[in-house]
Each structure stands twice: as structure tokens, then as C-alpha cells.
Amino acid sequence: MLKLTGCILLISACSGAGFSAANRLLKRTGELDILLNLLQQIGIYLTSDFLSTDEIIARLDREKFGTIINFSKNMTDESFVLKDSNIPDNIKNKLTEYFREFGSTDLKGQSAKTDLLICEVREVLEQEKERCSRHCKLYRALGVLSGAFLAVMLI
């Protein structure tokens, strides 16, 4: 009875590890999707609404983008905080640079920077979606199978 309980716990633990790895991939694609929507919204605010930098930040702070980014009132130095996220480091660095220089150029320059960052995030998002479709099922299956393998080895 003790062996059976141990086997079930071992399989459950390994399965949980596999599902956790798959969920990290899903979370990363979700956060990149939110980031892409944020940048597209900034582009709309810049080109259609002709809002100032402070007005854009105030609107973004009120919207759903607070799940990955906290904005402060002025955009001078480290004026936003990227919450604990799974966004790749190269995108984090570009996003930090983007918001550090936000509002320092004219409307065309800011719109061009936004469009460039949108393209880069979209490219990374497509790569992550492809990676997720390939690896999510694999991680789950490997978690269950490694648990079963270890349980059989210990019996």
C-alpha cells in the first residue's frame, strides 16, 4: 500500500512539473499578446487621437495593460515597472529603451519607433506560438511518462 501511494505521488509530482513547464510557455505567449495590444493601442493614441505623452500613459494605466506593466506619472527615467513576467530579455530591453525615450521625438518619430517595436514583438510572438504548439504537449507527456518511469524503477 505504501509503494502504491509513493508511486501515485511520484507520478503526480512529475506530471505537475510537466504541466507547469507547459503553462510557462502559455503564459509567455499571453503576455506577449498583451504587450502587442499595448503597443498597438499606443500607436492608435499617437496617430488617431493625437494625445500627449501624459494622456497616453494615463489611459494605458487605466486599461487592462496593468497586468504586465505599471506606469508612473512621469516618463523620465525608469518610469514604468515591468512586472515579473516571462517576456524574453531582448524584448524587455527594447521596451525599456522605448519607454525611456517615449515622448522625446516628434509624432512621426514616435510612431515609427512604435511600429518598429510592434513588428519585433509580433515576430517574437509568432516564434513563441510555434514553440508553444510544439512543446506544450511534449512537456505534459514527458512529465507523466517520467513519473511513471520513476515509479516503475522504484518498485
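Our subject is the structure listed above.
Positions within a chain are numbered from 1, following the residues in the order the chain's sequence is written. Selection of residues for local features in this predicted model requires a pLDDT of at least 70, selection of side-chain atom pairs for listing and counting requires 80 or more, and totals for whole chains, interfaces and linings are taken over all residues. Side-chain numbers here rest on the full set of heavy atoms in the structure, without hydrogens or water.

> Help me out: how do you make sense of a nonpolar patch on the surface in this one?
Residues forming no salt bridge and having over 30% relative accessible area are the ones grouped into patches, like charges within 9 Å of each other and nonpolar side chains (Val, Leu, Ile, Met, Phe, Trp, Tyr) within 5 Å. Surface exposure here means Shrake-Rupley accessible area, sampled with a 1.4 Å probe, where a residue is shielded only by the protein chains that are shown. What makes a salt bridge here is a side-chain nitrogen of Lys or Arg within 4 Å of a carboxyl oxygen of Asp or Glu, nothing more. A cluster of nonpolar side chains, Phe-149, Leu-150, Met-153 and Leu-154, forms an exposed patch at the surface whose accessible area comes to about 460 Å². Starting at the N terminus, helices and strands are each numbered in turn, a helix being any DSSP run of H or I of at least four residues and a strand any DSSP run of E of at least two. If you trace the backbone, Leu-150 turns up in helix α4 (residues 107–154).

> Explanation requested: the environment of Arg-24 in the structure shown.
Here Arg-24 shows up in helix α1 (residues 2–49). For each residue, the accessible area found with a 1.4 Å probe, counting protein chains only, is set against the maximum for its type, and the residue is called buried under 20%, exposed over 50%, and partly exposed in between. With a relative accessible area of 48%, Arg-24 lands in the partly exposed category. Sequence separation of Arg-24 and Ser-85 is 61 residues, and the distance between their C-alpha atoms is 9.7 Å.

> Mind showing me how you'd approach the environment of Leu-60 here?
By the element assignment, Leu-60 lies in helix α2 (residues 53–62). Its relative accessible area of 0% is what places Leu-60 among the buried residues. Expressed as a C-alpha distance, the spacing of Leu-60 and Leu-38, which sit 22 residues apart in the sequence, is 7.7 Å.

> Please explain the pattern of salt bridges as it appears in this structure.
Side chains that differ in charge, positive against negative, can pair when their charged atoms come close. Summed over all chains, the structure comprises 6 salt bridges. Arg-131 is the salt-bridge partner of Glu-128, the closest N and O atoms lying 3.5 Å from each other. Here Glu-128 pairs with Arg-131, and both are found in helix α4, just 3 residues apart, close to one helical turn. A residue is classified by how much of its surface remains accessible, and Glu-128, at 8% relative accessible area, is buried. In this structure Arg-131 comes out as partly exposed when scored by relative accessible area, which is 28%. A cluster of three or more residues bridged by salt bridges with shared partners is formed by Arg-28, Glu-128 and Arg-131.

By themselves, these figures tell us nothing about what the structure is for.
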